[in-house]
Structure formats: C-alpha cells, structure tokens
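So you can see what is in the structure, the chains are spelled out below.
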Amino acid sequence: MESPPHFNFIDVLRAPARALSAKKIFAMTFFICLGLVVYDIFTYIALAVQGENLGFVYSAYGLTPFFKLAFSNTIAQIVFIVGALLAVLCLMLGFMAVAIIDIEAVRGNRFLSAFKAIRFSFQRLPQILFSELAIIVFIAFIILLYVLLGLICRIPIIGDWLYSITFVMPGFIVAILTLFVFLVFQLSVVLMPAVAAAERTGESFSVILETFSTIIRQPVRWGLYTLYSLVAAKVCGFVYAYFCYRSVQFIGWATQIGGGDKMERLIKSGLSHIPVKSDFVQYTLNVFAGVDWSISTSGWTRGGTGEAAGYVMTVMLFLIFASIYGYMLSIIATAQARGYVAIRQIKDRHDISAEKPLFFEEEHANPPIEEEEGID
C-alpha cells in the first residue's frame, strides 16, 4: 500500500514519476491510437468529399494530418467536426483509464491492470458522453433563446425597444454565464475523466456537478496543478523521447553486429514511411517551441528500401512514437487524478483514500473457523 496522500501540491509534483508506468503508458497509448484511427478515417473522408488529392495529402502528412483544414463543403465540415469530437472522446477515455489506476492506488489497490482500466473506460463511456452532451445541449438551448429574441426584435419599433431594454438584464448576464459554461466544457476534457473515475457510480449529473464545483471553488489551485502538469509533460516527454531514440539506435547498432547492414537498413526503411520532417514530429522531438534543442533523426531517414518488412517496421516505430504521447498525456491524467483527490478533500472534506477500492477485495488467507456447539 502506498503512503497516504498529502492533499496538497506534493501529490501532483510526483505525477511524472507516477506516470512512468508501463500499464498507464500502454492504456493511454491504446486510446491515442484509437483516437488517431477515428480522426484519420473522418479526416480523409472529409478531404475526399472536399475533392482533395488524398495521395498528395498522405504523402505530406501520412497518419498525422494535423494542419489547418479549411472546408468549403458543408458536408465535409460536418464529417471533420464529428471525427475530431470522437477523437477527443477517445482521449478522454484514455485520461479516465489512467485516472482510475491512480484513484484505485489511492484507495489501496495498486494492482489494477491496464486491461481492466481500459474496460472500465469503455463501461463509463456513456457517463462521459452524456455529461458532455448535457453541457452542449444547455449551450445550444441558450443560443436558441437568443435566436428567438432576435426574431422577436424584428417587430417594428417595439423590437428595438425590447432589444435595448433586455440587453444588460438578462441578455448580458446570461451571455457571461454561457461563456463560462463553454469554458468549463473545454476544460472538462482533462478534468471530467478524473472526476468520473473517482465517482463510484455511473451517474452523469454528479460528474457535471463535481466538475463545475472544482473549477468554481478551487480555480487557482486546479489551474496551478494543470499548468504544472502541462509543463512537466512537455519536458519529461522530451526526455522520454530521447531515451526512445537512443534505444532504437542501440538496437540497430547491436543487431548490426550479427546481422550486418541489413538491420540498420530495415530501421531506415521503417522511418522512410513516417513524415519525420512534419511540424508535428518536429514539435515532439523539440524540448520547447522556439528553443534550439531537439533530437535529430536526419541520419536515419536516408538509405531505406521499399521492402514489405519495412512497412511492418513503420508500425513498430509508430507505436514507439505514440508511446511518447502516451507518457506525456499520462502525466496530465495522473496530475488531474491526484489533484482532484486533494481538491475534493480541501473543498468538501471528503477523503477518497478512505473509500474501498472498486476492483479489489481483501481475502482471508484461511476461512474463519466456526465454533461447534458443545465443544469448549
């Protein structure tokens, strides 16, 4: 059993070390790949509807078409937006999988497997989905009210007076509240999975309530926790990427001794199918944007061949690259889970660590012996 939480910044400070766990990185990487598959399918469908040359786009961006897309076709816009939202939902499931591992560890169960965490995320998918949809429906309802107000204000003479009188109260006040709800909706991408993981039931209302309560009652503390996790994720992710790069180099060097140049050439063949010169990859291999401190892969992108095994190597290298973001996002999810445990104790005096685990029950080594009647 791990040491009791401190219910302060110390719990969040250890997030990079706690996130360096095989099961957390595996769970997060799984949902990253799932989200990327969903995003790629919808994006390329949208580009096809738009009439773009898919071969040219794929040759430039491959499986990471993360660039500014401008769709003039309405159907293409809808397809792309739906795909992007579903991809974000997959990331939220990844955050939840990592969060439940931490929440169970806080409760005393340190042996929750990655597969159980992934299964838990899929089971709680309706909870996250309905919670987000409830916020979206509320925002859409407010927008509809403003549309109706605009239609009413088309009435000659009376409409101008009505619009002017109601502009501040309730128009302006409701607009501020709606924008705040929209802000919470955006922040809920990283916070809501941790809240849902800490909830023992699958109720959507309690998740929405706790998400808003956390941001409203502890905005500074939650903001500092989140800011620290973002910075730590980028720095530690760069260090992790460096070790991944050196590990690939080591494998190539060691196997080249016995297998010859073919081993190194196979790795280069795999890298040749990955757009390593894209902005997204360069951002990943750089410690911070604008800082000239990065990992150079130029020596490994030349000399490859087009053999079939090279495409399998591409998949393997891509999984290694995806694990970099698996670790980075695991840091954020771990910080959110640990931070929420601390904030829940501070604002509500509710100790999550005192709860019983959801996935573990302590068993007796031997069943209790029942005393028989008549025997002293």
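Computed from a predicted structure; not experimentally measured.

### Some words on helix 14 (residues 308–348)
Under the 1.5 Å per step criterion, the end-to-end length of helix 14 is 59 Å for 41 residues, consistent within 8% with the ideal 60 Å. Just downstream of helix 14, Arg349 is the residue with a positive phi angle, here 55 degrees.

### Notes on the pattern of salt bridges
Counted under the stated rule, the structure contains 11 salt bridges. Between Lys24 and Asp102 there is a salt bridge; the shortest N-O distance is 2.7 Å. Here Lys24 is found in helix 3 (residues 22–50), whereas its partner Asp102 is found in helix 5 (residues 74–107), with 78 residues between them in sequence. Across the pair, exposure class does not vary: Lys24 and Asp102 are buried alike.

### A word on a nonpolar patch on the surface
Judged by side-chain polarity, Leu227, Val231, Val235, Val239, Tyr242, Phe243, Phe288, Val291 and Trp293 come together as a nonpolar surface patch covering roughly 820 Å² of accessible area. Mapped onto the elements of the fold, Val231 is located in helix 11 (residues 219–259). Val231 sits in the partly exposed class, given a relative accessible area of 41%.

### Quick word on the packing of aromatic side chains
Summed over the entire model, instances satisfying the criterion amount to 15 aromatic pairs. Arranged with centres 5.2 Å apart and planes meeting at 70 degrees, the rings of Phe9 and Tyr228 form a pair that is edge-to-face. Taken together, the residues span a long stretch of sequence, with Phe9 in helix 1 (residues 9–13) and Tyr228 in helix 11 at a distance of 219 residues. With a centroid separation of 5.3 Å and 40 degrees between ring planes, the pair formed by Tyr240 and Tyr327 is classed as tilted. Within this pair, whereas Tyr240 is found in helix 11, its partner Tyr327 is found in helix 14, the two being separated by 87 residues in sequence. Both residues of the pair, Tyr240 and Tyr327, belong to the buried class. By way of ring pairs, the aromatic residues Phe9, Tyr225 and Tyr228 are connected into one cluster.

### Looking at the packing of helix 5 against helix 6 (residues 114–123)
Between helix 5 and helix 6, the shortest axis-to-axis distance is 8 Å and the interhelical angle comes to 125 degrees. When the interaxial angle is binned, helix 5 and helix 6 end up oblique. Viewed along their axes, helix 5 and helix 6 form a crossing whose handedness is right-handed. Listed contacts from helix 6 to Leu93, Met96, Ala97, Ile100 and Ile101 of helix 5 are Ala117, Ile118, Phe120, Ser121 and Phe122. Of the residues in the contact of helix 5 with helix 6, the class split is nine nonpolar, one polar and no charged.

### Let's talk about the state of the cysteines
In the structure shown here, the tally under the stated rule is zero disulfides. With no disulfide of its own, Cys244 lies 13 Å from the sulfur of Cys236, the closest cysteine sulfur. Residue Cys244 is classed as buried on the basis of its relative accessible area, which comes to 13%.

### Thoughts on the packing of helix 3 against helix 5
A pair of packed helices is characterised by two quantities: the angle between their axes and the separation of those axes. Running from N to C, helix 3 and helix 5 point in directions that differ by 175 degrees, and their axes come no closer than 8 Å. Regarding the angle of helix 3 to helix 5, the classification is roughly antiparallel. Of the residues belonging to the contact of helix 3 with helix 5, the class tally is 26 nonpolar, five polar and three charged.

### Brief notes about the side chain of Thr214
The topology assignment puts Thr214 in helix 10 (residues 204–217). The residues touching Thr214, leaving out its near neighbours within four places in the chain, are Leu191, Pro219, Trp222, Tyr340, Ile343 and Lys347.

### With respect to the nonpolar core
Among the nonpolar cores identified, the biggest contains 76 residues, and Ile100, Ile103, Ile128, Ile135, Ala197, Ile324 and Ile331 are the most heavily contacted of them. No other element matches helix 14, which puts 16 residues into this core. Beyond its immediate chain neighbours, meaning those up to four positions away, Ile103 contacts Ala197, Ala198, Ala337, Val341 and Ile352. By size, the runner-up hydrophobic cluster in this structure holds 10 residues, among which are Tyr39, Ala46, Leu47 and Ala87.

### Description of the environment of Leu133
Along the chain, Leu133 turns up in helix 7 (residues 125–152). On the accessibility criterion, Leu133 (38% relative accessible area) is partly exposed. Taking the C-alpha atoms as reference points, Leu133 and Phe185, separated by 52 residues in sequence, lie 9.9 Å from one another.

### Some remarks on the confidence of the model for the chain
With 92% of its residues at a pLDDT of 70 or more, the chain has an overall mean of 88. Here helix 4 (residues 54–61) is the element of the chain with the lowest mean pLDDT, 75, and helix 6 is the one with the highest, 96.

Calculation rules
- Residues numbered from 1 in each chain as written.
- Predicted model: local features only at pLDDT ≥ 70, side-chain atom pairs only at ≥ 80, totals over all residues.
- Heavy atoms only, no water.
- Helix = DSSP H or I, 4+ residues; strand = E, 2+ residues; numbered from the N terminus.
- Expected span 1.5 Å × (residues − 1).
- Salt bridge = Lys/Arg side-chain N within 4 Å of Asp/Glu carboxyl O.
- Buried < 20%, exposed > 50% of the residue type's maximum accessible area, 1.4 Å probe, protein only.
- Patch = residues over 30% accessible without salt bridge, like charges linked within 9 Å, V, L, I, M, F, W, Y side chains within 5 Å.
- Areas by Shrake-Rupley, 256 points an atom, 1.4 Å probe, with all protein chains shown as cover.
- Phe/Tyr/Trp six-rings, centres within 6.5 Å; stacked < 30°, edge-to-face > 60°.
- Axes fitted to C-alpha atoms, helices over the stretch in contact; angles between N-to-C directions.
- Parallel < 35°, antiparallel > 145°, perpendicular 65-115°, else oblique.
- Left-handed = near helix turned anticlockwise from the far one by under 90°.
- Contact = heavy atoms within 4.5 Å.
- Nonpolar A, V, L, I, M, F, W, Y, C, P; charged D, E, K, R; others polar.
- Disulfide = S-S within 2.5 Å.
- Core = buried A, V, L, I, M, F, W, Y, C linked by side-chain atoms within 4.5 Å.
- pLDDT = per-residue confidence, 0-100.

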